[in-house]
Amino acid sequence: MSTASVYLSYAFIYFVLFIAVPFIAVTFVMTCIKFFKSEGAAPIHAKIKDRLFDNESLGFLKSLKSLTKGEYEICSHVPLESVIEVAADEAEPHGYLDYVLVDQNSSEIKMVISDFSDKSSAEIKPLLQKLNIRLIDMKRDCPMDKQHLMQALAA
């Protein structure tokens, strides 16, 4: 037996002991962890809503869209953080605006239609008025009639 074959035999044994066997062991352990891992979180039972809006809200959105005659884009349930930018040292207000009308040409906010009766919305109403945004206070349970909306849009 030559010296080269002895070195190759030792190289093969060390390869198997220090590379192949640990690789197989790690693969086996990782597979066991993957298949036998217990689910810590409970599964979420959720489904997509049948309708995004109720019939009254959808009807109001359609009538608002027809009244604007394509001049404004209408966004609904807009987070206040996307409308108002405050300084870093001030507390950022939170809440949602029901409908925001955005001018298509200048992409400026022209009007906000929302229910300002709850506490968080009542706090943001003066802030929106300071920014010269026209506001319409509309209760969620009783939408406005078309005539009043036409007068508000014309103003």
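Residues numbered from 1 in each chain as written. Predicted model: local features only at pLDDT ≥ 70, side-chain atom pairs only at ≥ 80, totals over all residues. Heavy atoms only, no water.

Chemist: Just to check I follow, could you spell out the overall build of the protein chain for this structure?
Modeler: Across its full length, the protein chain carries four helices and four strands. Relative to its 155 residues, the protein chain shows a buried fraction of 23%. Put simply, 44% of the contacts in the protein chain that link residues at least 6 apart link residues at least 24 apart. Of the roughly 11,900 Å² of accessible surface on the protein chain, 61% is carried by carbon and sulfur atoms. (Helix = DSSP H or I, 4+ residues; strand = E, 2+ residues; numbered from the N terminus. Buried < 20%, exposed > 50% of the residue type's maximum accessible area, 1.4 Å probe, protein only. Contact = heavy atoms within 4.5 Å. Areas by Shrake-Rupley, 256 points an atom, 1.4 Å probe, with all protein chains shown as cover.)

Chemist: Explain the packing of aromatic side chains here, please?
Modeler: Centre-to-centre distance and the angle between the planes together describe a pair of aromatic rings. According to the stated counting rule, one finds one aromatic pair in the structure shown. Judged by centre distance (5.8 Å) and plane angle (20°), the rings of tyrosine 14 and phenylalanine 18 are stacked. Taken together, the residues span about one helical turn, with tyrosine 14 and phenylalanine 18 both in helix H1 (residues 3-36) at a distance of four residues. Given a relative accessible area of 59%, phenylalanine 18 falls into the exposed group. (Phe/Tyr/Trp six-rings, centres within 6.5 Å; stacked < 30°, edge-to-face > 60°.)

Chemist: What is the right way to read the environment of leucine 127 from this model?
Modeler: Relative to the helices and strands, leucine 127 resides in helix H3 (residues 119-130). Taking the relative accessible area as the measure of exposure, leucine 127 reaches 27% and is therefore partly exposed. With 43 residues separating them along the chain, leucine 127 and isoleucine 84 place their C-alpha atoms 9.0 Å apart.

Chemist: Is there a simple way to explain H1 in this structure?
Modeler: Because the α-helix completes a turn every 3.6 residues, residues three or four places apart line up on one side. The terminal C-alpha atoms of H1, which comprises 34 residues, lie 48 Å apart, in line with the 50 Å expected from a rise of 1.5 Å per residue. The largest bend in H1 is about 35°, located at valine 16. (Expected span 1.5 Å × (residues − 1). Bend = angle between axes of the 7 residues up to and from the residue.)

Chemist: How should the sheet that holds strand S1 (residues 72-79) be read in this particular structure?
Modeler: Sheet strands associate in pairs through backbone hydrogen bonding, adopting either a parallel or an antiparallel arrangement. Taken together, the four strands give an open sheet; going across it, the order is S1-S2-S3-S4, and neighbouring strands pair in mixed fashion. The sheet is open, and its two edges are formed by S1 and strand S4 (134-137), each paired on a single side. Averaged over neighbouring strand pairs, the angle between their axes works out to 20° when direction is ignored. One ladder, built from four bridges, connects strand S2 (residues 96-103) with strand S3 (residues 109-114); its direction is antiparallel. Paired with valine 102 across the bridge in S3 is isoleucine 109. Taken strand by strand, H3 contacts S2 and S4, and its axis lies near 150° from that of S4. (Pairing = 2+ DSSP bridges. Axes fitted to C-alpha atoms, helices over the stretch in contact; angles between N-to-C directions.)

Chemist: For this particular structure, what's the right way to read the pattern of salt bridges?
Modeler: For side chains bearing opposite charge, pairing can occur when the charged atoms are close. Inspection of every chain in the model, using the stated rule, returns one salt bridge. Lysine 110 is the salt-bridge partner of glutamate 108, the closest N and O atoms lying 3.5 Å from each other. Judged by its relative accessible area of 44%, glutamate 108 falls in the partly exposed class. A residue is classified by how much of its surface remains accessible, and lysine 110, at 27% relative accessible area, is partly exposed. (Salt bridge = Lys/Arg side-chain N within 4 Å of Asp/Glu carboxyl O.)

Chemist: Would you mind going over the environment of glutamate 108 with me for this structure?
Modeler: Assignment of secondary structure puts glutamate 108 in the loop between S2 and S3. Along the chain, glutamate 108 and isoleucine 133 lie 25 residues apart, while their C-alpha atoms are 9.7 Å from each other. Excluding its chain neighbours within four sequence positions, the residues that come into contact with glutamate 108 are Leu101, Val102 and Asp103.

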